[in-house]
Amino acid sequence: MRKIARAALAAAVVLGASQLAGLSPAAAQQNIKFGALYPFSGGLALLGDESFRGLEIAVEERNAAGGINGKPITLVKGDAVDPNQAVGEARRLTSVDNVSAIFGTYSSSLSLAATQVAELAGVPYFELGAVSDPITERGFKYVFRTNATAKDFSVRMVDSVAEAIAPAQGKQPGELKIGIIYEDSLYGQTMSGYQKARAQEKKLNVVETLPYSAKSVDLTPVILRLKSANVDVVLQTSYQNDTVLFFRQMKDQGFKPKAVIGAGGGYSLRDTMQAVGPENMEGALDVDFTQYRTNPKAAPGIEQFVTKYKAKYGTDPRSGHSLANYMGAKVFFDAIAAAKTLSADAIRAEVMKVDLPVGSTATGWGAKFSEQGQNTRALPFLMQWQNGDLVTVFPAEAAVAKMKVGVGTN
Amino acid sequence: MTIGETSLPTATAKRPSPLMRLTHPRVYCSLAALALLLLIPLVSGSPFVVHVFVTICVFAALSTAWNIVGGYAGQLSLGHMVFYGIGGYTTALLIQHFSLSPWLGMCVGAALAALVGVGIGYPCFRLRGPFFSLATIAFLEVVRLLAIHFNGVTGGSAGLIVPLKLGWTWMIFREKINYLYIAFGLLLLCVAVSYVIRSSRLGYYLTAVRERDAAALAAGVNNTNVKLKAIAVSAALTAMVGAFHAMYMTFLEPATMFSLSTSIEVAMFSLIGGLGTVAGPLLGTVLVVPLAELARGWLGSAANGLHGFVYGSVLVLITLTLPGGLVGTFGKRFARLIDALPGGGVRVPDRAAPEPAAITGTPGEPVLVADDLVKTFGGLVATDHVSLTLRRGEILGVIGPNGAGKTTVFNQLSGFLAPNSGTVSIVGRNGARATPTTPDAFARLGIGRTFQIVQPFGKLSVLENIMIGAFLRHAGVEDARAAALRVARLVGLEDVKDVEAGTLPIGGLKRLEVARTLATEPTILLLDEVMAGQSQADTQRMVQLIRTIRDHGVTVIAIEHNMQAIMSLSDRIAVIDSGRLIAEGKPQDVVRDRRVIEAYLGEDFVDAQGL
Amino acid sequence: MDIFIQLVINGILLGSMYAIISVGLTLIFGIVRVVNFAHGEFLMVGMYGAYLLAAKFGLHPYVSAIPIVLLLFALGAIVQRFIIQPLLSADEHIQIFATVGLSTALMNLALMVFGADLYSVPPSAVQHSIALGGFTLVIGQVVMFFCALALVAGLHLFMQATPLGRAIRATAQNRNAALLMGVRVDRIYVIAFGLGAACVGLASALVMPLYPVSPTIGTYFVLTAFVVVVLGGMRSMYGAFFGALIIGVVDSLSGYYIAPDLKEVVYFALFILILIFKPTGLFGLGRGTE
């Protein structure tokens, strides 16, 4: 029985696989198949799904306009929960479904694992949302990324201290005491590393660097350390739970920094603001993907995107991830269309020719790719919570409001 | 029960030759089934199918390795990914810093993991059940947090990326099928190690320790030692799989390398397949992983959390309905079917038992000397300055009222209790005098003891119970089996030798106590009320048996309440009351001793009788 | 010095939250002799209950404490009756697997029903803090501290003064003797498991205003609760209470003086050391690992 069960199962796997493969040939004649690799289940599901929606809207828009060179696009979903699953799903997409390219991935560790597979299989991989720098630093030929990297975010955060906060406070940048705090997973450790390096470059005064677990139920030790070091500006890299906890406990413990800058994550979510309370979140700064309260002149197409999103899903976008994926997908669709064939090398050649100036896409970014496949014109904006809204305040072209001084009710 | 307990045909050779083994259906069927794991992906040629089978092999290997500790030794580690992570990180760091091939890194990682395993196991094995599990979880968490904190060494949460150097030296391939060969090889290695352990002395010892640690100690098993061996082997194998898997993923991060949920999953596969069996973990993995992969494809994106919910529910259902797992529940029936195939069902012809070592030494010389033993429990003095000398070849009866402290003295004579003061010295089998401190050391020196409250290994057969004792002098399984069979005949348990010990009536269990102890071939035998619960006829047989044993040169000391039997049997009698030795001498003298009668019947009685 | 005192205050208040959660776990282990690995998920169920009552009926979690406690009592009783009871005579590892499986199933069920989003109740006064001689105390945590005291005192009275309480204590001390004395042990177990779960119900209503709920919220608390239970001697309610306060203070101090990301390492290390060297708990209130 043991053998029989095993054989039957194995047969089922093979049959299942060949069925999946068997569906494709007929369809492949007319359609172009792309893989959509995101975490659709598990802990990352919320923003994974949000990212996918951007891609989905871009595909619908493209198909309504006649697809790529007359062929409609179909998306094959791959659910990547953890790196092992990401590897498995990437293998399935590239070998069973024979997709022409993969779009993804939201999470950096999933992307790092999946891109290795795609690169070895010679299938182009378009990263639209994961920020880890090494994704485009490994010398891969067919991995391209439209969005800004962790380093870009960190540089913008640190530079904001010198360029925006210090002048607003009427101080020299070097006079401000900076505290860097971060949750200790991949996201926080990567970001804080670049923040520290950039702060050193800019000769800023970092007095505390504190990692903590995002699962922590008490951040008062962190806050009291910042308080006793008289920190003026806090740079935080955090998820949602710990952002809420930080703001609540900062208030409880009477810690009143001059400014707090978050690195997307928990800072960009409306739920966070609601859980913290708009009056407590007032003035909190945030560096992230482009959000929706951005000057449409600097981000042409952003309003149309929101309209389409609302029409399709019945709610406002939950974060800027959908917009970033939408923008990236559009750039790559154009490049693929220009390539005429679907060969990886032809696509690469066309991606390298892309040259869009800053301020010409829905995210406000431009597009120009380095040899490594990284978009050099993706610039994160500085945003601020004002009256319960996350508005873009820097740079001036994209801003819809002026930056306020102070955090919370101070 | 499992392919691990296969008995194979043999003619005269000491061990059946490998070629002979192949003709047995259990062997060729198992190999054929295993080969499917390699053949299906080879035939399909699809990289996705290959990936699924690599995953199956990896998890089956992990689960098989886990089962050595979790199943055989019954120590439910829920932090086993510690070893997996150590294997992975060691290998990756050695590549990064010293350009060392992962094949070497794998071995270094395995050695390191074995050390860590011993380091964790040594202090934690004294913890029982859930607390051992909690401690392993705590170790896993600590290691994970440290791996994150010391990001200068491990790369922290940002992870380590394995450089993509292709080829067999670097264990990274463009041809995915090569990964399958390695994963399959590792699986074979784990299953082979697991099989060898299961069918060797270590395997029997692990089962014994899991079932009854006191009885295992009395049979001379060094409990901690065998568990440490198990965890070292298990940790090393887990680390090797971890090293390979890291090369396969080419990316390591603490969250996946030291994952609690993966640790639980690995244990779950074993439970579903059958804890403590050779084939169980493999079978569990082969069933669950493809189902999970397929379910994820079909449902994963549609229903968030569904597959986790199904996992959890299946786990609860299995514990409620099939606690023995698939192999534990259906294994025997299935094995009979297999044995019906050509070449099956051949049993080993009984071989001659190896001769027990002859007991040498001068009759009458002191072989066990207890000098001024004192043992207190809190304020209660359980043993009050007791001194005893046992002479070679005699039968010493120990009597005394209930609660007089006889068993406490026995426990000190066999190392189960350390006296507060006083010493126990014995003459070992080699003739040298020794003062051992642990029960297993006493047993190895030739002290055999039975327990008043019987301590059978309930799930083993009667013969296997006796084998646990026989292993002390005969390391080979076949030798031990033959020696055990001889003891079974002597004690009168031969006709029930294949019965599960837990089902024996009390009289049978008492004889099994004696048999297991005799199988250790003791020079001094401590019998604790072996005649209680025996029928009249059985008591006669027991008396006869004890005489026979003594005639072989064994010195016997027996606690007994059956006065008639002990008086007729003993050369000398010692009487213990309220922890003190109140009388010692020939049976006929002792029964007339005033203090003895007082102790048994009370002062009033003595006075009334005018003694 | 001020910082030190503030840290200790924060630690004690944090500890009182661990106390309410751990008392339930101790109760279950002390009486039924089962380690409930699904304890954190009970907390999660309670928190979702409190969230739903707040979202649908606008009830403050403190008000919904009553229905939540009843709900969790029922959940605990059902789990005992249908999952633990059939396994009481089974091997320990089977019991471990059963509660681990229950934990996984409940966590993923929540993921299916509510998704991975965080839910929190509308802000209320208990999130605010009061100043006391230069130190700040969060109202919600102060409430928790007094609830923890009241819970331990209440359970103490219940165990000492009521017939049911005495029957429970008798069962905890010697199952067979209780059985001989006519105590219906199975029913006692169902009640005890229910009580343990009800304690978590109370905890979830008190925690809800301070922390948002998500499917994995239980895992944030449960490992700490295990540490507390071991520290307290595994069967002693009072041990658990003081153990929780100690862990709270250790958490707070090590987060400040060592490193915030290593505070778990500190108390897990403490946990391992106590398990190994002092299995009767810090105060010797337990009876070891038997």
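Residues numbered from 1 in each chain as written. Chains lettered and ligands numbered in written order. Predicted model: local features only at pLDDT ≥ 70, side-chain atom pairs only at ≥ 80, totals over all residues. Heavy atoms only, no water.

Asks: Can you explain the overall build of chain B? Please cite residues and give values.
Replies: Helix and strand counts for chain B come out as 26 helices and 12 strands. Projected onto the principal axes, the alpha-carbon positions of chain B cover approximately 100 × 60 × 45 Å. When each of the 611 residues of chain B is scored for burial, the buried share is 59%. Long-range pairs, those at least 24 residues apart, make up 74% of the contacts in chain B with a sequence separation of at least 6. Carbon and sulfur atoms provide 60% of the accessible area of chain B, an area that totals close to 22700 Å². Across chain B, the mean location of the 48 positive side-chain charges is 7 Å away from that of the 40 negative side-chain charges. (Helix = DSSP H or I, 4+ residues; strand = E, 2+ residues; numbered from the N terminus. Buried < 20%, exposed > 50% of the residue type's maximum accessible area, 1.4 Å probe, protein only. Contact = heavy atoms within 4.5 Å. Areas by Shrake-Rupley, 256 points an atom, 1.4 Å probe, with all protein chains shown as cover. Lys, Arg positive; Asp, Glu negative; His and termini not counted. Charge placed at Lys NZ, Arg CZ, Asp CG, Glu CD.)

Asks: Which residues make up the pattern of salt bridges, and what values go with them?
Replies: Residue and element names in this part refer to chain A. Under the definition given, this model contains 38 salt bridges over all chains. For Asp389, the salt bridge is made with Arg270, and the minimal N-O distance between the two is 3.0 Å. In this pair, Asp389 sits in strand β12 (residues 389-394) while Arg270 sits in helix α9 (residues 270-276), placing the two residues 119 residues apart along the sequence. Arg270 sits in the partly exposed class, given a relative accessible area of 41%. (Salt bridge = Lys/Arg side-chain N within 4 Å of Asp/Glu carboxyl O.)

Asks: Explain the environment of Val54 of chain B to me, and be specific about the residues and the numbers.
Replies: All names here are of chain B. Along the chain, the position of Val54 falls in helix α3 (residues 47-72). Take Val54: its relative accessible area is 0%, and that puts it in the buried class. The spatial distance from the C-alpha of Val54 to the C-alpha of Asn178 is 10.0 Å, given a sequence separation of 124 residues. Residues within four places of Val54 in sequence aside, it is in contact with Tyr179, Leu180, Ala183, Phe244 and Tyr248.

Asks: Run through the nonpolar core, naming residues and quoting values.
Replies: Within the largest apolar cluster, 327 residues are counted, with the highest numbers of intra-cluster contacts made by Phe246 and Phe247 of chain A, Phe244 and Ile466 of chain B together with Phe42, Tyr211 and Phe221 of chain C. The element that contributes the greatest number of residues to this core is α3 of chain B, accounting for 18 residues. Beyond its immediate chain neighbours, meaning those up to four positions away, Phe246 of chain A contacts Ile181, Leu219, Ile223, Leu226, Val234, Gln236, Val260 and Tyr267 of chain A. Counting 73 residues, the second-largest nonpolar core is a separate cluster that includes Phe144, Leu235, Phe369 and Val391 of chain A. (Core = buried A, V, L, I, M, F, W, Y, C linked by side-chain atoms within 4.5 Å.)

Asks: So what about the sheet that holds strand β6 (residues 177-183) of chain A? Which residues, and what values?
Replies: All names here are of chain A. On the basis of which strands lie adjacent, the open sheet formed by 7 strands has the order β7-β6-β8-β9-β10-β11-β12 and mixed pairing. Whereas interior strands pair on both sides, the edge strands pair on one side only; in this sheet they are β7 (205-212) and β12. Ignoring which end each strand starts from, the neighbouring axes of this sheet average 25° apart. Two elements, strand β9 (residues 259-262) and strand β10 (residues 285-288), share 2 bridges in a ladder whose sense is parallel. In the strand pairing of β10, Ile261 is matched with Leu285. Packed onto the sheet, helix α6 (residues 186-201) meets β6, β7 and β8 (233-237) and runs at close to 160° relative to β6. (Pairing = 2+ DSSP bridges. Axes fitted to C-alpha atoms, helices over the stretch in contact; angles between N-to-C directions.)

Asks: Tell me what's going on with the pairing of strand β11 (residues 381-386) of chain A, and back it up with residues and numbers.
Replies: All names here are of chain A. Among the 6 residues of β11, 6 are classified as buried, and the element is accordingly described as predominantly covered. Where burial is concerned, the two faces of β11 agree: the one with Phe381, Met383 and Trp385 and the one with Leu382, Gln384 and Gln386 are both buried. Between β11 and the antiparallel strand that follows it, β12, lie 2 residues; Asn387 among them carries a positive phi value of about 50°.

Asks: Run through the domain arrangement of chain B, naming residues and quoting values.
Replies: Residue and element names in this part refer to chain B. For chain B, the domain assignment lists domain 1 (28-259) and domain 2 (366-609). Domain 1 and domain 2 are separated by 44 Å when their C-alpha centres are compared. Interface area for domain 1 against domain 2, summed over the two sides, is near 1800 Å², with a carbon-plus-sulfur share of 66%. At the junction of domain 1 and domain 2, the tally comes to 0 salt bridges. Taken together, domain 1 and domain 2 are joined by 5 residue pairs in polar contact (both at pLDDT 80 or more). For the side of domain 1 that touches domain 2, the secondary-structure elements that each account for two or more residues are α9 (201-211) and α10 (213-218). Broken down by element, the side of domain 1 that touches domain 2 gets its largest block of residues, 6 residues, from α9. (Domains from an automatic or database assignment. Buried area = accessible area lost by both parts, 1.4 Å probe. Polar contact = N/O pair within 3.5 Å; in protein donor to acceptor, adjacent residues only side chain to side chain.)

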